[in-house]
Amino acid sequence: MNCIVCNSPKATMLYPEIEIVRCECDHIYYNGDINNEKIKQLYSENYFKGDEYVDYVTDKKLLQKNFEKRLKTILNFKSSGKLLEIGSAYGFFLELAQKHFDVMGFEICKE
């Protein structure tokens, strides 16, 4: 797969077990094969309540405590600008990040 940023086919494997690669332009992306069926299996109706998480919404405060640590790490590198989160669930991380960034998030799970 070529990089969507620079179209280069050259990439270095960062995490072989999950097929995460870094392009020569420094863009990091998933280089594996995923289709709609795999996505539907992963994000079933119970993803946020019962399968992956016991109850994502009820655990908001705990999740945000962890997200604050991630945000602090990001702020060490960049203190403002635009931030895109892919897989933003209910937007709990974006809620915190919007104090520093112009945020946008995408989530494929209807829940």
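Here the structure is shown first, and the text comes after it.
Draft legend 1. Representation of the overall build of the chain within the structure. A tally of regular secondary structure across the chain gives 4 helices and 5 strands. Ordered by position from N to C terminus, the α and β elements of the chain give β-β-β-α-α-α-β-α-β. Out of the 111 residues in the chain, the part that is buried amounts to 23%. Within the chain, residue pairs in contact and separated by at least 24 positions form 30% of the contacts whose partners lie at least 6 positions apart. On the chain, roughly 8600 Å² of surface is accessible, and the fraction owed to carbon and sulfur atoms is 51%. A gap of 7 Å separates the mean positions of the 15 positive and 17 negative side-chain charges of the chain.

Draft legend 2. Structural context of unusual backbone geometry. Of note, N7 is a non-glycine position whose phi angle comes to about 70 degrees, a positive value. Its place among the elements puts N7 in the segment before strand 1 (11-15). Here the phi dihedral of D26 falls at roughly 85 degrees; this positive angle occurs in a residue that is not glycine. Examined against the element boundaries, D26 turns out to sit in the loop between strand 2 (20-23) and strand 3 (28-30).

Draft legend 3. Layout of the sheet that holds strand 3. The 3 strands lie next to each other as 1-2-3, forming an open sheet whose pairing is antiparallel. In the strand order of this sheet, the two ends are held by strand 1 and strand 3, each with one partner. If you compare each strand with its neighbour and ignore which way they point, the axes differ by 35 degrees on average. Strand direction decides the pairing type here: strand 2 and strand 3, joined by 3 bridges, are antiparallel. When the sheet's bridge partners are listed, R22 is paired in strand 3 with I28.

Draft legend 4. Representation of the nonpolar core within the structure. Core analysis: the largest hydrophobic core is formed by 14 residues, its most contacted members being Y56, F67, L71, L83, F93 and A97. Looking at this core element by element, the count peaks at 5 residues for helix 4 (residues 92-97). Setting aside chain neighbours within four positions, we find L71 in contact with F93, L96, A97, H100 and F101.

Conventions and cut-offs
Residues numbered from 1 in each chain as written. Predicted model: local features only at pLDDT ≥ 70, side-chain atom pairs only at ≥ 80, totals over all residues. Heavy atoms only, no water. Helix = DSSP H or I, 4+ residues; strand = E, 2+ residues; numbered from the N terminus. Buried < 20%, exposed > 50% of the residue type's maximum accessible area, 1.4 Å probe, protein only. Contact = heavy atoms within 4.5 Å. Areas by Shrake-Rupley, 256 points an atom, 1.4 Å probe, with all protein chains shown as cover. Lys, Arg positive; Asp, Glu negative; His and termini not counted. Charge placed at Lys NZ, Arg CZ, Asp CG, Glu CD. Pairing = 2+ DSSP bridges. Axes fitted to C-alpha atoms, helices over the stretch in contact; angles between N-to-C directions. Core = buried A, V, L, I, M, F, W, Y, C linked by side-chain atoms within 4.5 Å.

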